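# Coordinate inspection notes
The primary structure of each chain is shown beneath.
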Amino acid sequence: MTAFVLVGTSPGDPARRRELLGLARRVGAELAFLQLGSPGLGTTLTRLADDGATRVVVVGVGGATGPGVSWLRRVAAHWWATYGAGAPELLTAPAYLTDETGWDDLVSRARPVTDGGAGLRSGAWEDVPRHRHQVLVCRGPRCTAAGAEASAGALVLALAEHGLGDDDVLLTQTGCQFPCNRAPVVTVHPDDVWYGAVDPAGAAALVAEHLVGGTPVERLRLRRVTSRDDRP
């Protein structure tokens, strides 16, 4: 039995998830995600293998941001190597799907995973990064619906414009950070500064004024409640 899996890099907003689910149904595939979404690729592959699939073809979609094709293959190869005896033949497409009409072509050109691949470990990923700041972008449902995806993209661009790399600022997307009424929410650590209503313009200001200039953006800053006694 051959099964097909359409893999999104991350779910994005609810509308994007519904779009991917619709696409998966039209091409006769399961839907899974590499990050920030359920089900994960490994979970889906295990279920298909346990259900008796003998061949699984994996095709990625939406690779403009997030992990690329090489990461999809790394994750698939890691699963294949660790599943053990009885793992189905596993193939990955050589490129991301950009148009539904290209599905059959990518499936026909999928390459089999025959060993553990490059794996998930590397000497380059051994040490805690040396960043001065970690910026956490909330990608919970409310923040995503309020435009956090655009804000995250603006942060990436602003960091690049100011020449800030991972050793300067580690940008991380998270689940819900709780002050949802202030969406999109972004926090900066170790400064313990919380921001709300961070649109793309606010994201650019956050980088220029706070991360580069050292002064928090007061017009976006949220009051941090640290104990019950601090509550209004």
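This brings us to the side chain of histidine 210. Tracing the backbone shows histidine 210 in helix H7 (residues 200-212). Polar side-chain contacts of histidine 210 include one of 2.7 Å to the side chain of aspartate 191. Not counting residues within four places of it along the chain, the set of residues in contact with histidine 210 comprises Val188, Asp191, Val193, Tyr195, Ala205, Thr215 and Pro216.

With that out of the way, let us pick up the packing of helix H2 (residues 41-50) against helix H3 (residues 69-83). Running from amino to carboxyl end, H2 crosses H3 at an angle of 45°, the nearest separation of the two axes being 10 Å. In terms of orientation, H2 and H3 fall into the oblique class. Considering only the axes of H2 and H3, their crossing is right-handed. Taking contact as the criterion, the partners of Leu41, Gly42, Leu45, Thr46, Ala49 and Asp50 in H2 are, on H3, Leu72, Val75, Ala76, Trp79 and Tyr83. Considered class by class, the residues forming the contact of H2 with H3 number 8 nonpolar, 2 polar and 1 charged.

Turning next to the pairing of strand S4 (residues 89-92). Relative to S4, strand S3 (residues 55-61) runs parallel, the two being bridged by 4 bridges. Following the sheet pairing, valine 56 is matched in S4 by leucine 90. The pairing of S4 with strand S5 (residues 111-112) spans 2 bridges and is classified as antiparallel. Following the sheet pairing, threonine 92 is matched in S5 by arginine 111.

Think of a sheet as strands paired side by side through backbone hydrogen bonds, with each pair either parallel or antiparallel. Spatial strand order, S7-S6-S8-S9-S10: 5 strands in an open sheet with mixed pairing. The two strands at the open ends of the sheet, each matched to only one other strand, are strand S7 (169-174) and strand S10 (221-222). Direction of pairing for strand S8 (residues 186-189) relative to strand S9 (residues 193-195): antiparallel, over a ladder of 3 bridges. Among the inter-strand pairings, valine 186 is bridged to a residue of S9, identified as tyrosine 195. Helix H6 (residues 148-161) rests against strand S6 (133-138) and S7 of the sheet, and its axis sits at about 170° to S7. Its contacts with the sheet place H7 against S6, S7, S8 and S9, and it is angled at close to 20° to S8.

With that settled, the discussion passes to H7. Under the 1.5 Å per step criterion, the end-to-end length of H7 is 17 Å for 13 residues, consistent within 8% with the ideal 18 Å. Within H7, the axis deviates most sharply at leucine 206, by approximately 25°. Taken together, the buried positions of H7 are Gly202, Ala203, Ala205, Leu206, Val207, His210 and Leu211. Immediately beyond the C-terminal end of H7, within one or two residues, lies glycine 214, with a positive phi of roughly 85°.

Strand order in this open sheet of 5 strands is S2-S1-S3-S4-S5, and the pairing throughout is mixed. With one partner strand each, in any of the chains shown, strand S2 (30-33) and S5 form the two edges of the open sheet. Sheet analysis places strand S1 (residues 2-8) next to S3, joined by 7 bridges and oriented parallel. Within S3, the residue paired with glycine 8 across the bridge is valine 61. Its contacts with the sheet place H3 against S1, S3, S4 and S5, and it is angled at close to 175° to S4.

Thresholds, definitions, all that
Residues numbered from 1 in each chain as written. Predicted model: local features only at pLDDT ≥ 70, side-chain atom pairs only at ≥ 80, totals over all residues. Heavy atoms only, no water. Helix = DSSP H or I, 4+ residues; strand = E, 2+ residues; numbered from the N terminus. Polar contact = N/O pair within 3.5 Å; in protein donor to acceptor, adjacent residues only side chain to side chain. Contact = heavy atoms within 4.5 Å. Axes fitted to C-alpha atoms, helices over the stretch in contact; angles between N-to-C directions. Parallel < 35°, antiparallel > 145°, perpendicular 65-115°, else oblique. Left-handed = near helix turned anticlockwise from the far one by under 90°. Nonpolar A, V, L, I, M, F, W, Y, C, P; charged D, E, K, R; others polar. Pairing = 2+ DSSP bridges. Expected span 1.5 Å × (residues − 1). Bend = angle between axes of the 7 residues up to and from the residue. Buried < 20%, exposed > 50% of the residue type's maximum accessible area, 1.4 Å probe, protein only.

Purely spatial values, then, with no claim about function.
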